[in-house]
Amino acid sequence: MHPTPAPTDWTVWITQLAPLAQQWTFLPALLLGIGLSASSGLRAFLPLFALAAAFRLHVFGIQPTGTFAWLASDLALAALAIATVVEIAGDKIPVVDHALDTVGTVVRPAAGALVAGAVLNGSDPTTGALLGLILGAPLALGVHGAKAGARGASTASTFGMANPFVSVLEDIVVLATIVAAFFVPALVPLLLAVAVWFVWKIYRSIRDRGPKKRRRRRQKRATAG
């Protein structure tokens, strides 16, 4: 008579791997929250609109709970769509873009906290809200600060003429980050690093252009004199 077999090892393995599986479920959500929060530093409402659309269409396996449930409503989707169009269009107009940046000092970190909290709420909206404040708001504020600095340098050196072109580049960066955050979350850190480098190069190019122009003017005056 054969002895009764011991419980199979696969049950033990499942128990041990369950926490790891939960971590891998959390990691894409974390990267999604980071990508959307960083995007909120450039455009407050476009990442929120994209997230609300994902909630409303029940895609990407994320759903809002508790205090974030309103994001899936038709009213929220319509309001965010209008706000997105107004923000993107207004950012192409000199002077208006600086007014949006001033208001954005408050609005964009709030949007970053909201998108991060809504994505990371899980089964506990309170935890999601805290993660939004700790992670989303500072990230959006940092990106907003870099944007405002680059826009100020552009205005000072080109009298605002380059601002609409810089704004279009920002739109492209935001769209690329949002798409990557939803479809390939693992690319978010790399994409953010490239975006930071690219914005810094633009900032330095715009910042250095003014002194170069002034030196050329002085040389022309000296030659003419």
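Residues numbered from 1 in each chain as written. Predicted model: local features only at pLDDT ≥ 70, side-chain atom pairs only at ≥ 80, totals over all residues. Heavy atoms only, no water.

### Some words on the overall build of the chain
Along the backbone of the chain there are seven helices and zero strands. A burial count over the chain gives 37% of its 225 residues as buried. Across the chain, contacts joining residues at least 24 apart in sequence account for 73% of those joining residues at least 6 apart. If you sum the accessible surface of the chain, you get close to 12900 Å²; carbon and sulfur atoms cover 75% of it. (Helix = DSSP H or I, 4+ residues; strand = E, 2+ residues; numbered from the N terminus. Buried < 20%, exposed > 50% of the residue type's maximum accessible area, 1.4 Å probe, protein only. Contact = heavy atoms within 4.5 Å. Areas by Shrake-Rupley, 256 points an atom, 1.4 Å probe, with all protein chains shown as cover.)

### Here we look at the packing of helix α2 (residues 45–57) against helix α3 (residues 74–90)
With their axes 8 Å apart at the nearest point, α2 and α3 run at an angle of 155 degrees to one another. By the angle class used here, α2 and α3 are roughly antiparallel. Once α2 is placed against α3, the crossing between them reads as left-handed. In this structure, α2 uses Phe45, Leu46, Leu48, Phe49, Ala52, Ala53 and Arg56 to contact α3, whose residues at the interface are Asp74, Leu77, Leu80, Ala81, Ala83, Thr84, Glu87 and Ile88. Here the contact of α2 with α3 is composed, by residue class, of eleven nonpolar, one polar and three charged. (Axes fitted to C-alpha atoms, helices over the stretch in contact; angles between N-to-C directions. Parallel < 35°, antiparallel > 145°, perpendicular 65-115°, else oblique. Left-handed = near helix turned anticlockwise from the far one by under 90°. Nonpolar A, V, L, I, M, F, W, Y, C, P; charged D, E, K, R; others polar.)

### Considering the environment of Phe183
Summarising the element assignment, Phe183 is placed in helix α6 (residues 163–183). Linking Phe183 and Phe60, residues 123 residues apart in sequence, is a C-alpha distance of 8.3 Å.

### Here's the deal with the pattern of salt bridges
For the structure on display, the rule yields 13 salt bridges. In this structure, the salt-bridge partner of Asp91 is Arg43, at a minimum N-O distance of 3.0 Å. One end of the pair, Asp91, is in the loop between α3 and α4 (96–119); the other, Arg43, is in the loop between α1 (9–40) and α2, with 48 residues separating them in the sequence. Taking relative accessible area as the criterion, Arg43 reaches 1% and is therefore assigned buried. (Salt bridge = Lys/Arg side-chain N within 4 Å of Asp/Glu carboxyl O.)

### Focus: unusual backbone geometry
Positive phi values are uncommon outside glycine, yet His58 reaches one of about 60 degrees. Looking at where His58 falls in the secondary structure, it is placed in the loop between α2 and α3.

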